[in-house]
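Examination of the molecular architecture
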Amino acid sequence: MDTPIEVPIRDDVIRLGQFLKLAGLAESGNHARDLVTDGDVQVDGETETRRGRQLRPGARVTVSGPEGDETAVVVQDDM
């Protein structure tokens, strides 16, 4: 299992679709929507079908793709 990438956010929460783009797990908003709709996204080990789901620091997002799974973790930006 690869080490997940840590993706800092400025606010207390971020929507899943936005996070997928910020983390580089989706190329665009449309791609993020397709990943979620197709059931390719898990949040904290559970399949998530809501692109607008709010994520807080500590949330672990995994995307299943043709090259395998990629995981990113939401972290608070301390700036």
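In what follows, the structure referred to is the one given above.
What counts and what doesn't
Residues numbered from 1 in each chain as written. Predicted model: local features only at pLDDT ≥ 70, side-chain atom pairs only at ≥ 80, totals over all residues. Heavy atoms only, no water. Helix = DSSP H or I, 4+ residues; strand = E, 2+ residues; numbered from the N terminus. Contact = heavy atoms within 4.5 Å. Salt bridge = Lys/Arg side-chain N within 4 Å of Asp/Glu carboxyl O. Buried < 20%, exposed > 50% of the residue type's maximum accessible area, 1.4 Å probe, protein only. Pairing = 2+ DSSP bridges.

Another point: the environment of Leu 55. If you trace the backbone, Leu 55 turns up in strand E5 (residues 54-55). The spatial distance from the C-alpha of Leu 55 to the C-alpha of Ser 28 is 18 Å, given a sequence separation of 27 residues. Beyond its immediate sequence surroundings of up to four residues, Leu 55 is in contact with Ile 9, Asp 12, Val 13, Ile 14, Leu 16, Phe 19, Val 43, Val 61 and Val 74.

It is worth spelling out the environment of Glu 70 at this point. Relative to the elements of secondary structure, Glu 70 occurs in strand E7 (residues 68-76). It is 7.3 Å that separates the C-alpha atoms of Glu 70 and Pro 4, two residues lying 66 residues apart in sequence. Not counting residues within four places of it along the chain, the set of residues in contact with Glu 70 comprises Leu 25, Val 61, Thr 62 and Val 63.

Turning to the pattern of salt bridges, a few remarks are in order. One side chain can pair with another of opposite charge once the charged atoms of both are near each other. All told, the structure shown has three salt bridges when counted by the stated rule. Here Arg 33 makes a salt bridge to Asp 34, at a shortest N to O gap of 3.5 Å. Judged by relative accessible area, which is 35%, Asp 34 ranks as partly exposed. As a salt-bridge pair, Arg 53 and Glu 48 come within 2.8 Å of each other at their nearest N and O atoms. Residue Glu 48 is classed as buried on the basis of its relative accessible area, which comes to 5%. Among the charged side chains, a network of salt bridges with common partners joins Glu 48, Arg 50 and Arg 53.

One non-glycine residue, Asp 44, adopts positive backbone phi at about 50 degrees. Locating Asp 44 in the fold gives a position in the loop between strand E3 (41-43) and strand E4 (46-47).

This part covers the pairing of strand E6 (residues 60-65). Two elements, E3 and E6, share three bridges in a ladder whose sense is antiparallel. Across the sheet, residue Gln 42 finds its bridge partner in E6, namely Thr 62. Relative to E7, E6 runs antiparallel, the two being bridged by six bridges. Bridging from a neighbouring strand, Ser 64 pairs with Asp 69 of E7. Count of turn residues in the E6/E7 antiparallel hairpin: two residues.

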